[in-house]
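Okay, here's what each chain looks like letter by letter:
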Amino acid sequence: MRACVPLIVAMLCGLAWAENPKGPEPFLELEEDEEEAPASNLYSAPTSCHGRCREAFDKHRPCHCNARCQEFGNCCEDFESLCGDHEGFSHSSDAITKEELQSTSEKIYRADTNKARKEDIVLNSQNCISSSETRDRVDRCPEPLFTYVNEKLFSKPTYAAFINLLNNYQRVTGHGEHFSAQQLAEQDTFLREIMKTAVMKELYSFLHHQNRYSSEQEFMDDLKNMWFGLYSRGNEEGDSSGFEHVFSGEVKKGKVTGFHNWIRFYLQEKEGLVDYYSHIYDGPWDSYPDVLAMQFSWDGYYKEVGTAFIGSSPEFEFALYSLCFIARPGKMCQLSLGGHPLAIHTYTWDKSTYGNGKKYIATAYVVSSAQ
């Protein structure tokens, strides 16, 4: 599969950008939680990161405080002290290196025996557009994205457990989530099933070796909190979670936010609720999983740029996003899949915590892949 745009693809759930002024024009997607900078930013000293951590790139600033300023060497002098990650690995003896992340992601990639085979999915990606056209909201693809999916995949335990979770949420933010005993049990079932897989065993083994978790049960408990713990994106207490946002999708202020899963997309498209419009990127992998960046309408609500792994197992996506959130919370996470580089960015939810001050997942998304 070929990319129809060069180099950096910045997209999905939150904000990603290309800072290099000599680089390609970035693909930009703002989700509502990232669109409005804190009021304190208006009064920040231009050479300081005070009140500016993770702000959008602004070429008029003399120095920067976003997640990629270190990559481009243009951070403000107090970036590390004010915006650096002082939890987890980054400043501890258990620091995870880029090379370890790439090696572990390759092991996870090889371990995904539940992924779709080439013959299990027939994609019809159709019209590839430029980044400047993503806001046009024009349906340039008369046919569905998925021509065929072998639904025998969905009878596999992790797929079945994952699908059971998708309809447990109210997609419009501002409406509190209230789970039944059965729905809570479905969360536990999903975690139990994925922990049986080689993918998640590989991830746990790595994190255990890094002294992050002492037992599988501790790991599972943390995963349940970080992914399924509720917090408020709107006016209602407990109206969102990392899992709902990333995998099931939400609607906030009339726009689609999250919704980054191919299984969810296929099932909603099959029901006539998703209308595929176009794509701006098709990854370099010649087998599954692959990556596609697309535009679509979800029951009348538009997604300007949404990226998803295609053909991956639920545990594969869950593992990679979790790895990046644990190792690089709120930062760029450089991985390698089948010899091709891939970057994932996560964001922490900073307005509430669980346990001893741990942060929930706000979002996780694919940022870039080289050709």
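All of the points below concern the structure found in this document. No experiment lies behind these values; they were computed from the predicted model shown.

## Structural notes on the overall build of the protein chain
Part 1 of the argument: Counting secondary structure elements, the protein chain contains eleven helices and ten strands.
Part 2 of the argument: Counting all 371 residues of the protein chain, 55% fall into the buried class.
Part 3 of the argument: Residue pairs in contact within the protein chain that sit at least 24 positions apart in sequence constitute 61% of those at least 6 positions apart.
Part 4 of the argument: For the protein chain, the accessible area works out to roughly 15,700 Å², and carbon and sulfur atoms hold 48% of it.

## A look at the pairing of strand β9 (residues 340-354)
Along any regular strand the residues' side chains alternate between the sheet's two faces.
Part 1 of the argument: Two elements, strand β8 (residues 332-337) and β9, share six bridges in a ladder whose sense is antiparallel. Across the sheet, L337 pairs through a bridge with H340, a residue of β9.
Part 2 of the argument: From the end of β8 to the start of β9, which pair antiparallel, there are two residues, and G338 there has a positive phi angle of about 60°.

## Brief notes about the state of the cysteines
Chemically, a disulfide is nothing more than a covalent bond linking the sulfur atoms of two cysteines.
Part 1 of the argument: Under the counting rule described, the total for this entry stands at two disulfides.
Part 2 of the argument: In this structure C141 is not part of a disulfide, and its nearest cysteine sulfur, from C128, lies 9.4 Å away.
Part 3 of the argument: With a relative accessible area of 2%, C141 lands in the buried category.

## Comments concerning the packing of aromatic side chains
Part 1 of the argument: Summed over the entire model, instances satisfying the criterion amount to 32 aromatic pairs.
Part 2 of the argument: Ring geometry for F190 against F243: centres 6.1 Å apart, planes inclined by 65°, an arrangement best described as edge-to-face. Of this pair, F190 sits in helix α6 (residues 181-195) while F243 is found in helix α9 (residues 242-248), placing the two residues 53 residues apart along the sequence. Take F190 and F243: they sit in the same class, and that class is buried.
Part 3 of the argument: K115 extends its terminal NZ or CZ atom over the ring of Y109, reaching a point 5.1 Å from the ring centre.
Part 4 of the argument: If you follow R212 out to its NZ or CZ, it ends over the ring of Y213, 5.0 Å from the centre.

## Side note on the nonpolar core
Part 1 of the argument: Counting 92 residues, the largest nonpolar core has F190, F219, W227, F243, W262, F309 and F318 as its most contacted members.
Part 2 of the argument: By residue number, the principal contributor to this core is helix α11 (residues 314-327), which donates ten residues.
Part 3 of the argument: Residue contacts for W262: discarding those within four places in its chain leaves I121, F146, V149, L153, F154, Y159, A308, F309, I310, G311, S312 and E317.
Part 4 of the argument: In this structure, C63, C65, C76 and F79 belong to the second largest nonpolar core, which totals seven residues.

## Describing unusual backbone geometry
Part 1 of the argument: With an omega of 5°, the peptide bond between Y288 and P289 qualifies as cis.
Part 2 of the argument: Position of P289 relative to the elements: it lies in the loop between β5 (274-282) and β6 (290-298).
Part 3 of the argument: Unusually for a residue other than glycine, R137 sits at a positive phi of about 60°.
Part 4 of the argument: Tracing the chain through its elements places R137 in the loop between β1 (121-123) and β2 (146-149).
Part 5 of the argument: The class of R137 is partly exposed, set by a relative accessible area of 49%.
Part 6 of the argument: One non-glycine residue, K253, lies in the positive phi region at around 55°.
Part 7 of the argument: For K253, a relative accessible area of 58% translates into the label exposed.

## Some words on the packing of helix α5 (residues 157-166) against α6
Part 1 of the argument: Put simply, α5 and α6 touch, their axes get as near as 9 Å, and they point 155° apart. In this view, α5 runs roughly antiparallel relative to α6, as classed from their interaxial angle. Handedness of the α5/α6 crossing: left-handed. Listed contacts from α6 to P157, T158, A161, F162, N164 and L165 of α5 are E186, Q187, T189, F190, E193 and I194.
Part 2 of the argument: Its residues placed into classes, the contact of α5 with α6 shows six nonpolar, four polar and two charged.

## Some thoughts on the pattern of salt bridges
Any two side chains of opposite charge can pair if their charged atoms end up close together.
Part 1 of the argument: Tallied over the full model, the rule gives 13 salt bridges.
Part 2 of the argument: The shortest N-O distance in the salt bridge between D350 and K359 comes to 3.3 Å.
Part 3 of the argument: Bridged by salt links that share partners, the residues R117, E119 and D120 form one connected network.

Cut-offs used in this document
- Chains are numbered independently. Their residues run from 1 in the order of the written sequence.
- In keeping with the predicted nature of the model, local features appear solely for residues at pLDDT of at least 70, side-chain atom pairs appear and are counted solely at 80 or more, and the whole-chain, interface and lining totals rest on all residues.
- Hydrogens are left out, water is left out, and the side-chain values use all remaining heavy atoms of the structure.
- Secondary structure elements are taken from DSSP: a helix is a run of H or I of four residues or more, a strand is a run of E of two residues or more, and numbering for both begins at the N terminus.
- Burial status follows relative accessibility: with a 1.4 Å probe on protein chains alone, a residue under 20% of its type maximum counts as buried, one over 50% as exposed, and anything between as partly exposed.
- Residue contacts are counted whenever heavy atoms from the two residues lie within 4.5 Å of one another.
- The Shrake-Rupley method, run with a 1.4 Å probe, gives the accessible areas here. Residue values count only the displayed protein chains as cover.
- Here, a strand pair is defined by DSSP locating no fewer than two bridges between the strands.
- Cysteine sulfur atoms are paired as a disulfide whenever they fall within 2.5 Å.
- Pairs were defined over the aromatic rings of Phe, Tyr and Trp, the Trp ring being its six-membered one, requiring ring centres within 6.5 Å. Orientation was assigned from the angle between planes: stacked under 30 degrees, edge-to-face over 60, tilted for the rest.
- Placement of a charge over a ring requires the Lys NZ or Arg CZ to be within 6 Å of the ring centre, with the centre-to-atom vector within 35 degrees of the ring normal.
- Each nonpolar core is a collection of buried residues, namely Ala, Val, Leu, Ile, Met, Phe, Trp, Tyr and Cys, held together in the definition by side-chain atoms within 4.5 Å.
- Whenever a helix is involved, its axis is fitted only over the stretch in contact; in every case the axis is a line through C-alpha atoms, and angles between N-to-C directions fall within 0 to 180 degrees.
- Should an angle fall under 35 degrees it is called roughly parallel, over 145 degrees roughly antiparallel, and 65 to 115 degrees roughly perpendicular, with every other angle called oblique.
- For any pair of crossing helices, the crossing counts as left-handed if the nearer helix is rotated counterclockwise from the farther one by less than a right angle, and right-handed if it is rotated clockwise.
- All residues other than Ala, Val, Leu, Ile, Met, Phe, Trp, Tyr, Cys, Pro, Asp, Glu, Lys and Arg, Gly among them, are scored as polar; the first ten of these are nonpolar and the last four charged.
- Any carboxyl oxygen of Asp or Glu within 4 Å of a side-chain nitrogen of Lys or Arg constitutes a salt bridge here.

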